[in-house]
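Descriptive structure summary
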Amino acid sequence: MCTTGVLRIGDGDYLLFKNKDFGRTHFDDRLVTEPSVFGVQGVTTWAGTDPDLDQFSGFSIGANEHGLLCCDSNVRTLDGHANYDELTEIALREGRDVDSAVAAVQEAVESKPYLWANLIMIDAAAAAAVEVRGDRVEATVLTGPTARSNHHVVLKPHPDDDDTVTTQKRLSSAQRRLDEAGGIDDVLALQRSHDDGDTGVCNHHGYQTVYSYVLRHRAGSTSLHVAQGRPCADPDRVEMTVPLGEAWSPVATAEFRAAYPSAQATRNV
């Protein structure tokens, strides 16, 4: 599951957020930290209860040296389909901006079917939501603050989607709050919110919010606000500069990993 969104705060100042919902109450992220790209690894077994069986691939959320930010959320899991987290990684490795990232995702989906998903991305000039349904892609140019959850908006919800209980309420709540947001503090409040009880953006119903992230790009630098655990419980939130481009070095990367809230953060993948 997951609730995601984008917000443009000002000229050259924009952000992307994600609440990661999981099949158990605790999860430890694994990271990719390269000079050109940063990513939190995706997990195809997000609904699983045994961490020893977790299967990692692609990026769940990330950024690249060009200031492109991207993340995804699940819609429907099907046998024989590639992991949609791979599409987020493709967008960030091949895209210099939203347009080229969307084109890279479209090309990848033409080659093989992917699990159903929502991708959302933003750069200094544009933003887009990309719906993936097997071998179909529907890309929408975004002109304002936009949230997504776990159903398709343009391609429409399907009765067999993995979440038919909380996704509509979470999207409505997130979009309403995002429309009124003026900055990052409003987004952090959105991530903690429970406008519909346990089915709030901070999700306790069926799946549990195990991480909350905000990637923000301004003045040529990308920062990450990240907390492990339910955001409504006010866990320790870390703010760090993401080591990308000229900010990347072995020392900066080691410090970033050491500060990241995960028992797996120092593990190189």
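Provided above is the structure to which this section pertains.
What you see is a predicted model; the values in this text were computed from it and never measured. Within every chain, residues take consecutive numbers counted from 1 along the sequence as written. The predicted nature of this model means local features are confined to residues of pLDDT at least 70 and side-chain atom pairs, given and counted, to a pLDDT of 80 or more, with totals for whole chains, interfaces and linings taken over all residues. Based on all heavy atoms of the structure, the side-chain values leave hydrogens and waters out of the count.

1. Things to note about the pattern of salt bridges
Pairing between side chains of opposite charge can happen when their charged atoms approach one another. We count a salt bridge whenever a side-chain nitrogen from Lys or Arg sits within 4 Å of a carboxyl oxygen from Asp or Glu. On inspection of all chains with the given rule, the structure shows 9 salt bridges. In this structure, the salt-bridge partner of Lys18 is Asp72, at a minimum N-O distance of 3.3 Å. Pair noted here: Lys18 is in strand E2 (residues 13-22) and Asp72 is in strand E6 (residues 69-76), with a separation of 54 residues, a long-range link. A salt bridge links Arg76 to Asp160; its shortest N-O distance comes to 3.7 Å. Placement of Arg76 in strand E6 and of Asp160 in the loop between strand E10 (146-148) and helix H3 (167-179) is noted, with a sequence separation of 84 residues between them. Remark: exposure states derive from per-residue accessible area (1.4 Å probe, protein chains only) relative to the maximum for the residue type, with buried under 20%, exposed over 50%, and partly exposed in between. With a relative accessible area of 16%, Arg76 lands in the buried category. What emerges from the salt-bridge pattern is a single network uniting Glu34, Glu89 and Arg93. Strands here mean DSSP runs of E at least two residues long; helices mean DSSP runs of H or I at least four residues long; both are numbered from the N terminus.

2. Some thoughts on a negative patch on the surface
In this scheme, patches are assembled from residues that exceed 30% relative accessible area and form no salt bridge. Like charges are connected within 9 Å, while nonpolar side chains (Val, Leu, Ile, Met, Phe, Trp, Tyr) are connected within 5 Å. Note on areas: these come from Shrake-Rupley sampling with a 1.4 Å probe, and a residue is covered only by the protein chains present in the view. Counted as positive: Lys and Arg. Counted as negative: Asp and Glu, with His and the chain ends omitted from the count. For the purpose of locating charges, the reference atoms are NZ of Lys, CZ of Arg, CG of Asp and CD of Glu. Taken together, Asp179, Glu180, Asp185 and Asp186 make up a surface patch of like negative charges. Within the secondary structure layout, Glu180 lies in the loop between H3 and helix H4 (184-192). Taking the relative accessible area as the measure of exposure, Glu180 reaches 66% and is therefore exposed.

3. A few points about the packing of aromatic side chains
Only the six-membered ring of Trp is used, alongside the rings of Phe and Tyr, when aromatic pairs are assigned; centres must lie within 6.5 Å, and planes under 30 degrees apart are stacked while those over 60 apart are edge-to-face, with the rest tilted. The tally for this structure, following the rule as stated, stands at 6 aromatic pairs. With 5.4 Å between their ring centres and 80° between their planes, Phe38 and Phe256 make a pair best called edge-to-face. Placement of the pair is Phe38 in strand E4 (residues 37-43) and Phe256 in helix H5 (residues 250-259), with a sequence separation of 218 residues. For Phe38, a relative accessible area of 1% corresponds to the buried category. Judged by its relative accessible area of 3%, Phe256 is buried. Aromatic ring contacts, followed pair by pair, group Phe38, Tyr211, Tyr213, Phe256 and Tyr260 into a single cluster.

4. Topic: the sheet that holds strand E3 (residues 31-33)
Note on sheets: strands pair through backbone hydrogen bonds, and any given pair is parallel or antiparallel. Reading across from one edge, E3-E4-E5-E6-E7-E8-E9 is the order of the 7 strands in this open sheet, with antiparallel pairing throughout. Pairing within the sheet leaves two strands with one partner each, and these edge strands are E3 and strand E9 (136-141). Strand-to-strand twist in this sheet, taken as the mean axis angle between neighbours without regard to direction, amounts to 25°. At least two DSSP bridges between two strands are needed for those strands to be called paired. One ladder, built from 7 bridges, connects E6 with strand E7 (residues 114-122); its direction is antiparallel. Counted as the bridge partner of Cys70 is Met121 from E7. The convention used is that axes are lines fitted to C-alpha atoms, helices contributing only their stretch in contact, and that angles between N-to-C directions extend from 0 to 180 degrees.

5. A few points about unusual backbone geometry
Even without a glycine there, the phi angle at Lys156 is positive, about 75°. Looking at the element boundaries, Lys156 is found in the loop between E10 and H3. Lys156 sits in the exposed class, given a relative accessible area of 52%. Even without a glycine there, the phi angle at Asp234 is positive, about 50°.

6. Describing the nonpolar core
Within the largest apolar cluster, 30 residues are counted, with the highest numbers of intra-cluster contacts made by Leu16, Phe38, Tyr213, Leu215, Leu224, Phe256 and Tyr260. Looking at this core, the elements that each hand over two or more residues are E2, E4, strand E5 (56-64), E6, E7, strand E8 (127-134), strand E11 (208-218) and strand E12 (221-228). Residue contributions to this core peak at 4 residues, all from E11. Filtering out sequence-adjacent residues up to four positions away, Leu16 remains in contact with Gly5, Val6, Ile61, Leu69, Cys70, Cys71, Ile120, Met121, Ile122, Tyr213, Val214 and Leu215. Here the nonpolar core consists of buried residues drawn from Ala, Val, Leu, Ile, Met, Phe, Trp, Tyr and Cys, with membership extended through side-chain atoms lying within 4.5 Å. Only heavy atoms matter for contacts: two residues are in contact if any of them lie within 4.5 Å across the pair.

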